[in-house]
Structure formats: structure tokens, C-alpha cells
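Chains, contacts and geometry: an overview
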Amino acid sequence: MSADLSDLYQNVILDHNRRPRNRGRLPTANRSAHGDNPSCGDQCDVFLRLEGDRIAEITFDGSGCAISQASASLMTTQLKGKTAKEAEKLYGEFHEIVTTGKEPEEISDLGAFAGVHAFPARIKCATLSWHAALNALRDDPAPTTTESHTD
Amino acid sequence: MSANPRSWDNIRAQFPILDQEVNGHPLVYLDNAATTQKPLSVIAALDTFYRRDNANVHRGLHALSMRATDDYEGARSRVATYINAAAPEEIIFTRGTTESINLVALSWGPANLKKGDVILLTEMEHHSNIVPWQLAAQRTGATLRYVPVTGDEGLLDLGALDKLLTPEVRVFAFTHISNTLGTINPVAELCARARKAGAISVVDAAQSVGHMPLDVQAMGCDFLAFSGHKMASVTGSGVLYGRRALLDAMPPWQGGGGMISNVDFQESRWKPTPERFEAGTPNFGDAVALHAACDFLDGLGRGRIAAHDSDLAAKAYQRLAELPGIRLIGPKGERGGLVCFSFKDVHAHDVVTFADEDGIALRGGHHCNQPLMRRLGLTSTVRASFYVYNSEEEIDALVASMRRTIKFFGA
């Protein structure tokens, strides 16, 4: 396998794809949002229970490739306990990782997604769940779609 | 090059793009249902046209314009013979299948449909044969109805057709070969049943036109739409065939130069078909390429192309069926030149990324067939589609790549 491909399918990603964390609907959710990637048919729902400004619980449900499923799973583990502002900041870091390949400043499993930048067509797979989560945090009722933003 | 450049013996040499490595492997191009590669003769026809003959067509009184007009109208005549239309005037040049279907839906549609009328489609239609009819329905108050597909085998439920083809049905639009299932629909029978029920027939021939003999008069269709780029010609050019009597009764759908007989400040009169439907400067350069593609495919023999592509698809279907966790969709028996499948534990996009690593071009996704995919309980599938230059060795490469991918994901 080429270096690019093994960078893309890192063990962290394969593990989250095989054993997704926080997958399924969240009955106690008080926020949710739906994301679509129209060009490939990937779908992702994100469910949140906010306590004040903080994410007390977060789950996802949907279908897609290993990159999109692993990204959603890992995202739920990273966002739990964060405020909306902290979540936006973390997405900024994640976005830079997947678009430039830059390693995260602090040691984090998000770094596993650095290999995505070599596969531009797959960046949308990695960011779909994040867009849905941010929409849920903003309480934006419009379904998010990867065609409506540039990544 | 050998004495007979169109022979099957040196078929790959006629497609220069195939002679390259991708990710360190010889390119295996199996994305032909999306677009086919172009032979030297088509590339040369474009080159010659732009080096020697290019000028705007019609109305021109100078030598190059007359030459270009002859080339353009020659292409129209060639396409007419390619599908056995009764006359060249029944050939309208468009941007492709999608624009051809939009032309029928948005010109014939509003002139002939009203509230209470029904547009009959099938569950296996490409988005390009669904969405234009939804637009026509919104404008006219007509409703849409669908002929069901019989599960994973992907055949049309012809038993249901009599109940669906009621007197309210004004148009029955369906695909000749499904781009996802590979199903070859019984076109002549469907057209005959539509006509008997008082409906016109519209055939989406995008996946059949470059792969098999087509005879619109034997099929008995009223309209037939196809793209050049799926039949060895270039992108941006396609055809709508329409029966003369229907075309003559249709209003224009776009206005502009080239389609009028007289323009006044308040109103205009328009030309007869086909000019009526070709407003603006037409795409004559690509029509010349389409002419060359018709010659190329007839040189190979379309009966032989059909046998070659279906044979490869059948062999691929058999070999892939041996893989663990695979779900093959589409007919087990006779099929067009493609196979579509999914794996239990590996997503289509991961499969396609891994195949690309092996130099194999596949397509993964919903193939512009979202309603059908939902009906089959799928979100995406992998498609391998074949053309004249593909070989059994390439099926070996495909199967080996699929095995490596399954192993990697531990599925």
C-alpha cells in the first residue's frame, strides 16, 4: 500500500469505523441537525443534549465511507463536555488538519485525519459530521449540505 | 499503425489515453458508463475541423462557413442513419441526454399536459429522466407515476404495467439500459404498449447508443435521447431524436438566432424542425466528432460491441459473486456492459479509493439513481462498466483488487 493510502486509513480511523462510538439516536437530545453530501449520498444526523452552553451528551447516526464514519465517531468523543465556542475552535483546528495535513498543536487523535489532505475528494467526507454538529449547536434548522460550503 | 485502424486487433492502440500508469499500475479504465474514452479517429476529426473548416454555420456565404455547414448537416445525416431515423430533420443536436429530455419535457410537456394527466416513469430512471418531468408536472398540474422494479434483480415489473398505463397517461419515459442495474428493457414492447394506451414514448438511450444496434423505427419510439461522450465522442454534445409529426407541432423551448424565420419587435415566427430547437450558435465542432464516432463504432460492428461488453459484464458478475459479503444488483441473466455491487462491511467510496491505488477507475455512489437506491435499501454501490477496449485480464485485476480491499478492512 502507498504511503498516502496508509496515511489516510490510519489505525485510529479503522478502529472508529469498525467500532463507532456514540452511534445511534439520543432520546434525551434537545438539539439535532442533519447533514448530506449530495455528490456521494453520505448522510449524518447529530444529536446533542445541551446543558446550558455545554454539550452534555452527543451521538451521531448515518451512513458513509470509513472516513466519514470514523470522523463522526471521533468527533463525538472530542466534543462531549465542550461549549459551543470551544467546539467552533476545535473545528477550526480539524479543518486545518484535513485541508493542509498540519499536525495538531496538542497530541490528539484528530491528527489521524492529516492524511485526508492528500485526497481532496475525501475532505467533505471528514467534515460532514462536524458541519451537522455546528448547525445543531447554532440551532440552525436548515439541513447542512457539503455543497453549501467550500469544504 | 496496421492497415486496418478500425480492427479489433489493435483496439487499445486506438485509444491513446489507455497507455499510461496510474499509481504505478497500468490504467484499467472501468468507468465507461460515466464517460467513454475517445479513439484517435474522433480526436483527429476535431483536429482537422479546427485546423481547416471552422466557421459559423448557416447564413454564411464564404467558403469556410459553407464547409462547416456541410460538416454539421453531414453529421446530422450520419446520426440519422446511425439510429435509422426516417429523415435528418428528426435529429436535434443538444448538449447531451439531459438537455434532450428537458427539451421534450419543457416543450412538448406544457403544450400537451394538463391537470389530471399522468407522466409514467420507472423506478430505475436516472435523475435526468425524473427531474425534468417533475418540472413539467409542476408547470402543468400533471402527476408522476412509476413502474416498479422487482428487487435486486432489477427487472421492470411488466405485470404492473397494464394497471399503470391508464388513459390518463400521456407520456411514458423510460431508460433503455439502466446505468445502475444493467437491465436491458424491452423497448419495442414498452413503446408499443404506450402507443396502444394513447401515450407517447420517450427512451433514454444514454447507456445503449454506443453499445448496440439501435433502430428507432423498429423500436417504435416517439423520442429518443442520448449523449455523444458515452459513445466514444466528446462531451458537450448529444441528440434528441423525435418523430417529425410531433416535433412539427411543438413550440420552441429556447429563443434566439438560428431558430427564427422572421423577427419583429413584438413577435417572431420560427423555422421548422430541427432549427426551431437549436437556438444560438450550435455545437458544430462536436457534431463533427460525433460523426466520426458513429463511423468508428459501425466500423467495429455494433452487434459485436454488444456481445463483447455483455460478455465481460457476465464474466465480471460471475467472478465477483465468489467474493465474501458481496451483494450484486441487477439481472442475473442478460445484462448491459456493467456490474454494480456493494460489500457488507466496506463502503463503496473506500472500495473505489483502494481500486484507484491499483490503477483501476471505478465509480462509487448513488449513480444519480437515489430513488432506486432507497428502494433497494442501499446508499451507495460500486460500479464497473465496460467498453470495447476492456479485456478479461482487467476483470482479473478488478477481482484481485476487491480481494485486497476486503482483506484490509477485515470484512
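Residues numbered from 1 in each chain as written. Chains lettered and ligands numbered in written order. Predicted model: local features only at pLDDT ≥ 70, side-chain atom pairs only at ≥ 80, totals over all residues.

Regarding the overall build of chain A
A count of helical and extended segments in chain A gives five helices and four strands. Start at the N end of chain A and walk to the C end: the helices and strands fall as α-α-β-β-β-α-α-α-β. By the compact-globule yardstick of 15 Å for 151 residues, chain A fits well, its C-alpha radius of gyration being 14 Å. Judged by the C-alpha coordinates and their principal axes, chain A covers about 45 × 35 × 30 Å. Considering only contacts within chain A whose residues lie at least 6 apart along the sequence, 62% involve residues at least 24 apart. (Helix = DSSP H or I, 4+ residues; strand = E, 2+ residues; numbered from the N terminus. Rg over C-alpha atoms; globule rule 2.2 N^0.38 Å. Contact = placed C-beta atoms within 7 Å.)

Things to note about the sheet that holds strand S14 (residues 338-343) of chain B
Residue and element names in this part refer to chain B. The strand order S13-S14-S17-S16 describes an open sheet built from four strands, whose pairing is antiparallel. Two strands in the sheet have a free side with no partner beyond their single neighbour: strand S13 (326-329) and strand S16 (363-365). The sheet shows a mean angle of 30 degrees between the axes of neighbouring strands, taken without regard to direction. Lying over the sheet, helix H10 (residues 302-320) contacts S13, S14 and strand S17 (381-385), oriented at roughly 20 degrees with respect to S14. (Pairing = 2+ DSSP bridges. Axes fitted to C-alpha atoms, helices over the stretch in contact; angles between N-to-C directions.)

Some words on the sheet that holds strand S4 (residues 91-94) of chain B
All names here are of chain B. Judged by pairing direction, the sheet is mixed, and its seven strands sit side by side in the order S4-S10-S9-S8-S7-S5-S6 without closing on themselves. Bordering the open sheet on either side are S4 and strand S6 (143-147), each of which pairs with just one other strand. Going from strand to strand, the sheet's axes swing by 20 degrees on average, the running direction of each strand aside. Across the sheet, helix H3 (residues 97-112) lies against S4, strand S7 (169-175), strand S8 (200-204), strand S9 (223-227) and strand S10 (238-242), angled at about 35 degrees from S10, the strand it touches most.

Examining unusual backbone geometry
Note: most peptide bonds trans; most residues except glycine with negative phi. All names here are of chain B. That bond from threonine 273 to proline 274 is cis: its omega, 5 degrees, falls within 30 degrees of zero. Mapped onto the secondary structure, proline 274 falls in the loop between strand S12 (268-270) and helix H9 (284-300). For asparagine 23, which is not glycine, the phi torsion reads 50 degrees and is therefore positive. Mapped onto the fold, asparagine 23 is located in the loop between strand S1 (21-22) and strand S2 (25-26). A positive phi angle, close to 75 degrees, is found at alanine 232, a residue other than glycine. Within the secondary structure, alanine 232 is located in the loop between S9 and S10. Given 29 C-beta atoms within a 10 Å radius, alanine 232 is considered buried. (Buried ≥ 20, exposed ≤ 12 C-beta atoms within 10 Å, placed from the backbone.)

Focus on the nonpolar core
Residue and element names in this part refer to chain B. Among the nonpolar cores identified, the biggest contains 117 residues, and Leu224 and Ala293 are the most heavily contacted of them. Here this core gets 10 residues from one element, more than from any other, and that element is H9. Shared between two domains, this core holds at least three residues of each, these being domain 1 (11-30 + 301-408) and domain 2 (45-298). Apart from residues no more than four positions distant in its own chain, alanine 293 is found in contact with Val42, Gly228, Met231, Ala232 and Ser233. (Core = buried A, V, L, I, M, F, W, Y, C linked by C-beta atoms within 7 Å. Domains from an automatic or database assignment.)

Focus on the domain arrangement of chain B
Note: interface size is frequently given as the accessible area lost on complex formation between the parts. Residue and element names in this part refer to chain B. As far as domains go, chain B holds domain 1 (11-30 + 301-408) and domain 2 (45-298). The C-alpha-based centres of domain 1 and domain 2 are spaced at 28 Å. Across the contact, 24 residues belong to domain 1 and 24 residues belong to domain 2. The set of elements that each furnish at least two residues to the side of domain 1 that touches domain 2 consists of H10, S14 and helix H12 (370-375). Broken down by element, the residue count for the side of domain 1 that touches domain 2 peaks at six residues, all from H10. Split into classes, the residues belonging to the side of domain 1 that touches domain 2 amount to 12 nonpolar, six polar and six charged. (Nonpolar A, V, L, I, M, F, W, Y, C, P; charged D, E, K, R; others polar.)

Some remarks on the interface of chain B and chain A
Listed by partner, the interface residues are 11 residues for chain B and 11 residues for chain A. In terms of residue count, helix H11 (residues 348-357) of chain B provides more of the side of chain B that touches chain A than any other element does, four residues in total. By residue class, the composition of the side of chain B that touches chain A is no nonpolar, nine polar and two charged.

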